[in-house]
Amino acid sequence: MASNAPAPRRPAVMADVARLAGVSQQTVSRVLNEHPSVSPVTRTRVVAAIEELGYRPNTAARALVTRRTGVLGVVGFDTSLYGPASTLSGLEQAARRAGYYVSVAGVRVADGAAVRQALQRLTSQSVEGVVVIAPRRATVDALAGASADLPLVVVEGGHGNGRPVVCVDQAEGARLATRHLLAQGAPTVWHVAGPSDWLEAENRVAGWRAELADAGIEPGEPLHGDWSPASGYSAGQLLAERSDVRAVFVANDQMALGVLRAFHERGVSVPDDVLVAGFDDIPESAYFTPPLTTVRQDFEEVGRRSIELLLGQIASGPPGPGPAPVAVVAPELVVRQSSVGRRRRVRPAH
């Protein structure tokens, strides 16, 4: 039985646009690629025809001609953590504002093989450039084999293996927190550090040590956690056993939450007995008990500068000989109740 339904309308093609606008297909192509040689009158006519027909360019074919895909790649690592996840969000926002889409290749283990596979996966998608979020030294080392022709920017990547780097000044953030705790009258500041193979953790330890040294204080050995509240809780239990602990700088807010829990269980009052400061300024930190003093990182600015550097490479080619550019984003200390308003009680010895 024959159907009376009308045949589906085929999608418009470039030839249809050219015919309706009264121009050649080459002119339509020039309008689509924003070529300056097209007159304003002709451009207006072509755009009107595109809108009337509902024409959608074949982006794959267009990419073959222009070598532009409008897609940037990001190699991400452990986005369950606040820092990497917020960095990725900042990159996506900045790329979108610049008119680009983002393709993310996540790696579970930041070793050389995984990073190389992620780069291969992105380049096979014809991304125009790549941002690598490199929290670990192994991630940075893996970039040595990346093609020199690939526009690439490294976020939080130390020396970047010769590639442009965008980073928050982690050491300065640690200095700000340590300096603030000392200014409240603490004789020294203890530190709960992140994993030793993370560059951010390493730089925060360096900043904490440097600030104590500038104050003429010999730093002790930091306690190491894995960024989780559970590891902060374990460190807090050890610190609560000591009667000489007056201030603690914790390398991220999640571990600081664990420290606060351990102190509360042991009857150690914050800030009356011990001052506490964290790092990251996660959204929940203002609602901890007590609200947490912490160091804020501007992830939106990290994303903006990363995409800006990457688009510069896409337009002009990779950087020439000499040191690669490094863009440093300043941290900000956010002071809350966990580090101020002490009654300076004398803690009994355990």
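Residues numbered from 1 in each chain as written. Predicted model: local features only at pLDDT ≥ 70, side-chain atom pairs only at ≥ 80, totals over all residues. Heavy atoms only, no water.

Asker: Can you help me understand the sheet that holds strand β7 (residues 223–224) in this one?
Answerer: In any sheet, the strands associate via hydrogen bonds between backbone groups, in a parallel or an antiparallel arrangement. If you walk across this open sheet you meet the four strands as β7-β6-β8-β9, and the pairing is parallel. Across the chains shown, the open sheet's two edge strands, defined by having one partner strand only, are β7 and β9 (275–277). Sitting on the sheet, helix α9 (residues 199–214) is in contact with β6 (190–193) and β8 (247–250), with an inclination near 175° to β6. (Pairing = 2+ DSSP bridges. Helix = DSSP H or I, 4+ residues; strand = E, 2+ residues; numbered from the N terminus. Contact = heavy atoms within 4.5 Å. Axes fitted to C-alpha atoms, helices over the stretch in contact; angles between N-to-C directions.)

Asker: Whenever I open this one, the packing of aromatic side chains confuses me. Can you help?
Answerer: Each aromatic ring pair is described using two quantities: the centre-to-centre distance and the angle formed by the ring planes. Under the definition given, this model contains four aromatic pairs. Considering the side-chain rings of Tyr-82 and Phe-299, the 5.8 Å spacing of their centres and the 80° angle between planes classify their relative orientation as edge-to-face. Of this pair, Tyr-82 sits in helix α5 (residues 82–97) while Phe-299 sits in helix α12 (residues 299–316), and the two are 217 residues apart along the sequence. Classification of Tyr-82 as partly exposed rests on a relative accessible area of 23%. Phe-299 gets classed as buried once you look at its relative accessible area, which sits at 10%. With a centroid separation of 5.6 Å and 75° between ring planes, the pair formed by Trp-198 and Trp-227 is classed as edge-to-face. Taken as a pair, Trp-198 in the loop between β6 and α9 and Trp-227 in the loop between β7 and α10 (229–240) lie far apart in primary sequence, 29 residues in all. The two residues Trp-198 and Trp-227 agree in class, both being buried. An aromatic cluster of at least three residues, connected via ring pairs, comprises Phe-77, Trp-198 and Trp-227. (Phe/Tyr/Trp six-rings, centres within 6.5 Å; stacked < 30°, edge-to-face > 60°. Buried < 20%, exposed > 50% of the residue type's maximum accessible area, 1.4 Å probe, protein only.)

Asker: So what exactly am I meant to see when it comes to the packing of helix α2 (residues 25–32) against helix α3 (residues 40–53) here?
Answerer: Geometrically, a packed helix pair is captured by the angle between its two axes and the distance between the axes. Running from N to C, α2 and α3 cross one another at 90°; their axes reach a closest spacing of 10 Å. In terms of orientation, α2 lies roughly perpendicular with respect to α3. Of the residues in α3, those in contact with Thr-27, Val-28, Val-31 and Leu-32 of α2 are Thr-42, Arg-43, Val-46, Val-47 and Ile-50. A per-class count over the contact of α2 with α3 returns six nonpolar, two polar and one charged. (Parallel < 35°, antiparallel > 145°, perpendicular 65-115°, else oblique. Nonpolar A, V, L, I, M, F, W, Y, C, P; charged D, E, K, R; others polar.)

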